[in-house]
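Each chain, written out:
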Amino acid sequence: MLETNEETSLFFKDGEQNAAVKETEEKRVPTGIGDLDRTIEGGLKEHSVTLVGGSAGAGKSIFCIQFLVNGILQYDESGVYVTFEEEKEAVYSNMKRFGWDLADLERKNKFAFIRYTPEQVEKLLKTGAGIIRDVVEKIGAKRIVIDSISAFTLLHKTELERRAACLNLFKIVRNWHCTSIVIGQYLSADEKHDSTAVEFEVDGIIWLYNIKEGDTRIRALEVYKMRGTKHAVKTFPFEITSSGVQVYPEESVF
Ligand SMILES: Nc1ncnc2c1ncn2[C@@H]1O[C@H](COP(=O)(O)OP(=O)(O)O)[C@@H](O)[C@H]1O
Ligand SMILES: [Mg+2]
């Protein structure tokens, strides 16, 4: 059992609690992304809203689509992907590289792809995101990803307007009663420290880093905040492999 204790102490400050064996009262929604769930007491809290943040190319979209695909294939939970950024064809084709056939999941009514152009976003808020709600209901979605909140808030000129739009969006998201991830795109690793309304409003924050070490970049993941969860305190490495994101909570970044 010594081994278990040593391993646990990597995840938790005091090493007293092993997330893998802890029985939680509330339902957890596993990400299915390998050992990540072990570091967050089994998964995201049901109906919570988590921010997945990082710079361009950090792996945010892949990570979040994997959360949806795993939900469908491993937990029979349908998922909706709302994007303000990428084209459907490009996303479907890129995700095929990981063996994820989004077109097939869409045909089976397990997955839905909703794209908003900047011009359509105003309408999105005014109509209370009725279209998304209809899709969520139609496929019985339990998981939803919004890619990204940054693209959405940047459409507003002043900080005050951004904040209001953002809070409004969160209010709508919470009404869908799904377990949600909103993606935050940041220019640099430091930018996020100018905490915005988003960071205070969400239940959890996962940062994805792409750190330059000499001539190579190393990917790392940090569970920065997760309400009601005794989560890992260590930033650990991850890779994007031919089957998607692989995390290595036992390994060190440096
Ligand atoms: N098939 C693949 N195999 C390995 N790495 C990939 C593959 N496809 C994309 N990547 C890596 O993932 C990055 C894009 O990830 P993505 O999730 O789109 O980033 P973000 O949404 O954070 O901008 C690419 O820049 C590349 O480094
Ligand atoms: Mg992206």
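Here the structure is shown first, and the text comes after it.
Residues numbered from 1 in each chain as written. Chains lettered and ligands numbered in written order. Predicted model: local features only at pLDDT ≥ 70, side-chain atom pairs only at ≥ 80, totals over all residues. Heavy atoms only, no water.

Chemist: When you look at the site of ligand 1 in this model, what are you seeing that I'm missing?
Modeler: Taken together, Ser 55, Ala 56, Gly 57, Ala 58, Gly 59, Lys 60, Ser 61, Ile 62, Arg 97, Phe 98, Arg 219 and Ile 240 make up all the residues around ligand 1. Between an oxygen atom of ligand 1 and a main-chain N or O atom of Ala 58, the distance comes to 3.2 Å. Taking Ile 62, its main chain carries an N or O atom lying 2.9 Å from an oxygen atom of ligand 1. Starting from 580 Å² of accessible surface for ligand 1 in isolation, the protein chains cover 64%. (Near = heavy atom within 4 Å. Polar contact = N/O pair within 3.5 Å; in protein donor to acceptor, adjacent residues only side chain to side chain. Areas by Shrake-Rupley, 256 points an atom, 1.4 Å probe, with all protein chains shown as cover.)

Chemist: Which parts of the structure should I look at to understand the sheet that holds strand S11 (residues 244–247)?
Modeler: To summarise the sheet geometry, strands pair through backbone hydrogen bonds and adopt either a parallel or an antiparallel arrangement. Pairing in this open sheet of 9 strands is mixed, and the strands run S5-S4-S6-S7-S3-S8-S9-S10-S11 from one edge to the other. With one partner strand each, in any of the chains shown, strand S5 (111–115) and S11 form the two edges of the open sheet. Direction aside, the axes of adjacent strands within the sheet are offset by 25° on average. In this sheet, S11 lies alongside strand S10 (residues 236–241) in antiparallel orientation, the contact comprising 4 bridges. By the bridge assignment for S11, Ile 240 is matched with Val 245. (Pairing = 2+ DSSP bridges. Helix = DSSP H or I, 4+ residues; strand = E, 2+ residues; numbered from the N terminus. Axes fitted to C-alpha atoms, helices over the stretch in contact; angles between N-to-C directions.)

Chemist: Teacher, can you tell me more about helix H3 (residues 88–96) here?
Modeler: Helical geometry: 3.6 residues make up each α-helical turn, so side chains three or four residues apart lie on a common side. Within the span of H3, buried status applies to Val 91, Tyr 92 and Met 95. Take H3 and look down its axis: the buried residues cluster within an arc of 95°, on one side only. Relative to its buried face, H3 has exposed residues pointing more than 90 degrees away, namely Glu 89 and Lys 96. Buried residues in H3 make contact with helix H2 (60–75), helix H4 (102–107) and S5. (Buried < 20%, exposed > 50% of the residue type's maximum accessible area, 1.4 Å probe, protein only. Arc of directions from axis to C-beta. Contact = heavy atoms within 4.5 Å.)

Chemist: Before we go on, may I ask you to explain unusual backbone geometry in this structure?
Modeler: The bulk of non-glycine residues show a negative phi, and the bulk of peptide bonds are trans. Note that the residue after Asp 147, namely Ser 148, is joined by a cis bond; omega there is 0°. Mapped onto the fold, Ser 148 is located in the loop between strand S6 (143–147) and helix H7 (149–153). Notably, Asp 76 is not glycine yet its phi reads approximately 55°, a positive angle. Mapped onto the secondary structure, Asp 76 falls in the loop between H2 and strand S4 (79–83). Of the residues examined, Asp 76 reaches a relative accessible area of 57% and is grouped as exposed. At His 177, a residue that is not glycine, the phi angle is positive and equals roughly 55°. Summarising the element assignment, His 177 is placed in the loop between helix H8 (159–175) and strand S7 (179–185).

Chemist: How should the pattern of salt bridges be read in this particular structure?
Modeler: Where charged atoms from two side chains of opposite charge come close, those side chains can pair. Per the counting criterion, the structure on display carries 14 salt bridges. Between Lys 108 and Asp 104 there is a salt bridge whose closest N-O contact spans 2.8 Å. Taken together, the shared-partner salt bridges connect Lys 27, Glu 46, Glu 77 and Arg 143 into one network. (Salt bridge = Lys/Arg side-chain N within 4 Å of Asp/Glu carboxyl O.)

Chemist: In this structure, what is going on with the side chain of Lys 60? I would like to understand it.
Modeler: By secondary structure assignment, the location of Lys 60 is in helix H2. Asp 147 provides the closest opposite charge to the buried, salt-bridge-free Lys 60, at an N-O distance of 6.7 Å. Only 2.7 Å separates the side chain of Lys 60 from the side chain of Gln 185, close enough to count as a polar contact. Among all residues touching Lys 60, those that are not within four sequence positions of it are Val 52, Gly 53, Gly 54, Ser 55, Ile 183, Gly 184, Gln 185 and Leu 208. (Lys, Arg positive; Asp, Glu negative; His and termini not counted.)

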